[in-house]
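The residues making up each chain are set out below.
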Amino acid sequence: MEALDYHAEERRKAEFDVEEMKIVWAGSRQAYEISDRVARLVASDPVFRKDNRTMLSRKDLFKDTLRKAAHAWKRIIELRLSEEEASKLRFFVDQPVFTDLHWGMFIPAIKGQGNEEQQQKWLPMAYKMQIIGCYAQTELGHGSNVQGLETTATFDPETDEFVIHSPTLTSSKWWPGGLGKVSTHALIYARLITDGQDHGVHGFIVQLRSLDDHLPLPGITVGDIGMKFGSGAYNSMDNGVLRFDHVRILRDQMLMGVSQVTREGKFMQSDVPRQLVYGTMVYVRQKIVADASCALSRAVCIATRYSVVRRQFGSHNGGPETQVIDYKTQQSRLFPLLASAYAFRFVGEWLKWLYTDVTQRLQASDFSTLPEVHACTAGLKSVTTSATADAIEECRKLCGGHGYLSSSGLPELFAVYVPACTYEGDNVVLLLQVARFLMKTVSQLGSGKKPVGTIAYMGRSEHLLQCRCEVERAEDWLKPNVILEAFEARAARMSVTCAKNLNNFANQEEGFAQLATDLAEAAVAHVQLIIVSKFIEKLQQDIPGKGVKRQLEILFNVYALSLLHKHLGDFVASGCITPKQGALANEQLRLLYSQVHFDNPSLLLYMVLLLERLLQSTSF
Ligand SMILES: CCCCCCCC/C=C\CCCCCCCCCC(=O)SCCNC(=O)CCNC(=O)[C@H](O)C(C)(C)COP(=O)(O)OP(=O)(O)OC[C@H]1O[C@@H](n2cnc3c(N)ncnc32)[C@H](O)[C@@H]1OP(=O)(O)O
Ligand SMILES: Cc1cc2nc3c(=O)[nH]c(=O)nc-3n(C[C@H](O)[C@H](O)[C@H](O)COP(=O)(O)OP(=O)(O)OC[C@H]3O[C@@H](n4cnc5c(N)ncnc54)[C@H](O)[C@@H]3O)c2cc1C
């Protein structure tokens, strides 16, 4: 049977309502309709073709990208697309481009850190793209350590100006996307200095290039940092380098929403946490989590199509060879990735709500959830991007030799995706931020301050440190409460153990440095618990459509039990499950794999169907 006939046949046998599953994947009927409409728009427009992307020179690739970005903007205006539709268009055009940073960071930073007057001054020009902005924080010498940035912004009370300067080679801004060729302005993060006093890192809007001839302005040295990983990939983005030689800007070009400098040069810190200067990074991290599920689902779609169609060995009496998807090893490698795509989808939906909630709270000067939001966005960005990057590589291997062909789409997908483990925060550095939040929570357990939200389970740590999972048969692992308690017990025990070991060090900082690896692992356990718990909450919602909820329950169990199997050492070492119970979990997983395949081929093929549409505009 031909592949496409097979697909059609399998879809006809669907055990569930595929149309309703599409709505679940999209998040709502409206979101699905927008996705479908914009995907068709991109797929049907020859300007957005990408089948030549990996054969172009860097210069031609960049020109092609600019052409696409201009065409996208033209279509957005002509069709009066909403912000959500425009964002979808960027996603389907699927090529790193300067607009990602203009819309994804430059504008949000002005909205989040600028005062009312600054928003009124700069946003209208930015929305009309009369100015193009980038987010210039990272320097040659510092990326993770934001407090180590060296660029200076020195207030001159004589002229009511800041002097922006790059005092050292390592203070050169290095990496900002859109900086190398396109941006006319940059949001510069620099050390604020008034009257000889250093007030730390703050944001400043600086014009880099003339709006008449696009040439760099006096005192500005700017350019592209050159080729990056892979051929096509991120080379469509003009990541740049930038140096200042005593460039003067007006005082009102310092973003004054978080702190201010008066005409007399007095530094004023508003009664808001200084970390609001980091707010744009938090915003992008939560978007990156949603993007992870999309990138992962594309890779899974390709590997699923291949696995369903490819036959190898197993022919009897001249009959057809075995579909590779029938091999247990292929299933045990592929199905957890399919399940992870759904898990990241749902936790990304929740994180978007959490971010919206904290934004509303900040407007009411309620900073109570800011630490948790930082920990959740940092941790989920780290865990989902690391898992997705590894998964794309696994999908390449699942496709045998063909996975290494550019035309499979996987090499390009991998090369474009993997920097997500670094940008917006190195994944290990972000895990250590989560660990810092966990240790602070554990240290406060005795204070009577009840942990809430995603860390609430820590308030039950005494019980969790004693509990034993009630599993006697493999099917006991199908109960969400049993799985949740196992993940809570593991996470609580790993954090409490780290906290106890930290107490063996006289100096907390030294202890944190020595125990960093254990702390990072405790952070992963905490974040994986969040993902599992949000999947369970999704299943507790009303999910319409014949058999849809049943499919999602199967995927939940595949996701949770494959994680438990992968990290069995943590679970057993922390005492919450026995080796025998671990073996029963693995037995249940095997049963689920065969069920996912035989009872639910259209689930896989549904992914193929939905993601086929997304892939139509791609090179594979
Ligand atoms: C066509 C039109 C449509 C287009 C639409 C496009 C939309 C696109 C949207 C998204 C697209 C995504 C595309 C992405 C492309 C690539 C983008 C890449 C950009 C970048 O990489 S920007 C640079 C990123 N850099 C970083 O992330 C740096 C990482 N380092 C840090 O965050 C910090 O330095 C640190 C957190 C590691 C340490 O900071 P530090 O001040 O030293 O703080 P500490 O001493 O560790 O902690 C002090 C205290 O502060 C708390 N804290 C730290 N950070 C935050 C925070 N962000 N929020 C809140 N609180 C924070 C920390 O917990 C401590 O608290 P405590 O004292 O413990 O209570
Ligand atoms: C494709 C791409 C696009 C980018 N776009 C932008 C942009 O638009 N704007 C912008 O400002 N920046 C941008 N960046 C820069 C990016 O934000 C930084 O590269 C990132 O924050 C990591 O910082 P770093 O490069 O200094 O790495 P480092 O922090 O030097 O990391 C190197 C190694 O050191 C380890 N390490 C560092 N500190 C610690 C610690 N305290 N404890 C344990 N281990 C540690 C890390 O885990 C890592 O293994 C981009 C980067 C890339 C790759």
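See the structure shown above.
Residues numbered from 1 in each chain as written. Chains lettered and ligands numbered in written order. Predicted model: local features only at pLDDT ≥ 70, side-chain atom pairs only at ≥ 80, totals over all residues. Heavy atoms only, no water.

Draft legend 1. Region of interest: the overall build of the protein chain. When helices and strands are counted, the protein chain shows 20 helices and 11 strands. In terms of overall size, the protein chain behaves like a compact globule, its C-alpha atoms giving a radius of gyration of 26 Å where 620 residues would be expected to give roughly 25 Å. Referenced to the eigenvectors of the C-alpha coordinate spread, the extents of the protein chain come out at roughly 90 × 65 × 40 Å. Per-residue burial for the protein chain yields a buried fraction of 57% across its 620 residues. Taking all contacts inside the protein chain whose residues are at least 6 apart in sequence as the whole, residues at least 24 apart take part in 75%. With an accessible surface of roughly 26800 Å², the protein chain has 54% of that area assigned to carbon and sulfur atoms. The distance from the centre of the 68 positive side-chain charges to the centre of the 69 negative ones in the protein chain is 3 Å. (Helix = DSSP H or I, 4+ residues; strand = E, 2+ residues; numbered from the N terminus. Rg over C-alpha atoms; globule rule 2.2 N^0.38 Å. Buried < 20%, exposed > 50% of the residue type's maximum accessible area, 1.4 Å probe, protein only. Contact = heavy atoms within 4.5 Å. Areas by Shrake-Rupley, 256 points an atom, 1.4 Å probe, with all protein chains shown as cover. Lys, Arg positive; Asp, Glu negative; His and termini not counted. Charge placed at Lys NZ, Arg CZ, Asp CG, Glu CD.)

Draft legend 2. Here's a closer look at the site of ligand 1. Lining the immediate environment of ligand 1, one finds 32 residues, of which Ser144, Gln275, Tyr278, Arg436 and Lys440 sit closest. Note that an oxygen atom of ligand 1 is positioned 2.8 Å from one of the side-chain N or O atoms of Arg285. One of the side-chain N or O atoms of Lys440 is found 2.6 Å from an oxygen atom in ligand 1. Calculation on ligand 1 without its partners gives an accessible area of 1400 Å², and the protein chains cover 84% of this total. (Near = heavy atom within 4 Å. Polar contact = N/O pair within 3.5 Å; in protein donor to acceptor, adjacent residues only side chain to side chain.)

Draft legend 3. Inspection of the environment of Glu85 at higher detail. Checked against the element boundaries, Glu85 lands in helix H5 (residues 83–93). C-alpha separation for the pair Glu85 and Ser35, spaced 50 residues apart in sequence, amounts to 7.6 Å. Other than its neighbours up to four places away in sequence, Glu85 contacts Ile34, Arg37, Val38 and Arg80.

Draft legend 4. Representation of the packing of aromatic side chains within the structure. Under the counting rule described, the total for this entry stands at 15 aromatic pairs. Pairing Trp73 with Trp103 gives two aromatic rings, centres 5.6 Å apart and planes at 40°, and the pair type is tilted. One end of the pair, Trp73, is in helix H4 (residues 58–78); the other, Trp103, is in helix H6 (residues 98–113), with 30 residues separating them in the sequence. For Trp73, a relative accessible area of 24% translates into the label partly exposed. Classification of Trp103 by relative accessible area gives partly exposed; the value is 29%. Geometrically, the ring pair formed by Tyr234 and Tyr423 is tilted, given 6.3 Å between the ring centres and 50° between the ring planes. Here Tyr234 is found in the loop between strand E7 (220–224) and strand E8 (240–244), whereas its partner Tyr423 is found in the loop between helix H11 (410–417) and helix H12 (427–443), with 189 residues between them in sequence. Grouped by ring-pair contacts, the aromatic residues Trp25, Tyr342, Phe346, Phe535 and Phe556 constitute a single cluster. (Phe/Tyr/Trp six-rings, centres within 6.5 Å; stacked < 30°, edge-to-face > 60°.)

Draft legend 5. Region of the structure containing the pairing of strand E2 (residues 152–156). Among the 5 residues of E2, 4 are classified as buried, and the element is accordingly described as predominantly covered. Where E2 lies against strand E3 (residues 161–165), 5 bridges are found, and the strand directions are antiparallel. Residue Asp156 lies in a different strand from E3, and its bridge partner there is Glu161. Relative to strand E5 (residues 185–194), E2 runs parallel, the two being bridged by 3 bridges. Within E5, the residue paired with Thr152 across the bridge is Arg191. (Pairing = 2+ DSSP bridges.)

Draft legend 6. Main features of the site of ligand 2. In the vicinity of ligand 2 there are 20 residues, among which Tyr135, Thr138, Ser144, Gly177 and Asp426 approach most closely. Contact distances for ligand 2 include 2.8 Å between a nitrogen atom and a backbone N or O atom of Tyr135. Within the contact set of ligand 2, an oxygen atom lies 3.0 Å away from a backbone nitrogen or oxygen of Gly177. Here ligand 2 loses 63% of its free accessible area of 970 Å² to cover by the protein chains. The element that contributes the greatest number of residues to the shell around ligand 2 is H12, accounting for 3 residues. Counting only domains with at least three residues in the shell around ligand 2, you end up with domain 2 (133–270) and domain 3 (280–448 + 480–614). (Domains from an automatic or database assignment.)

Draft legend 7. Region of interest: the sheet that holds E7. Read across the sheet, 3 strands follow the order E4-E8-E7 without closing on themselves; strand pairing throughout is antiparallel. Of all strands in the sheet, those bounded by a partner on one side alone are strand E4 (173–174) and E7. Taken together, the 5 bridges between E7 and E8 define a ladder with antiparallel strand orientation. Bridged to Gly223 within E8 is Val241.

This is a description of form; function is not addressed.
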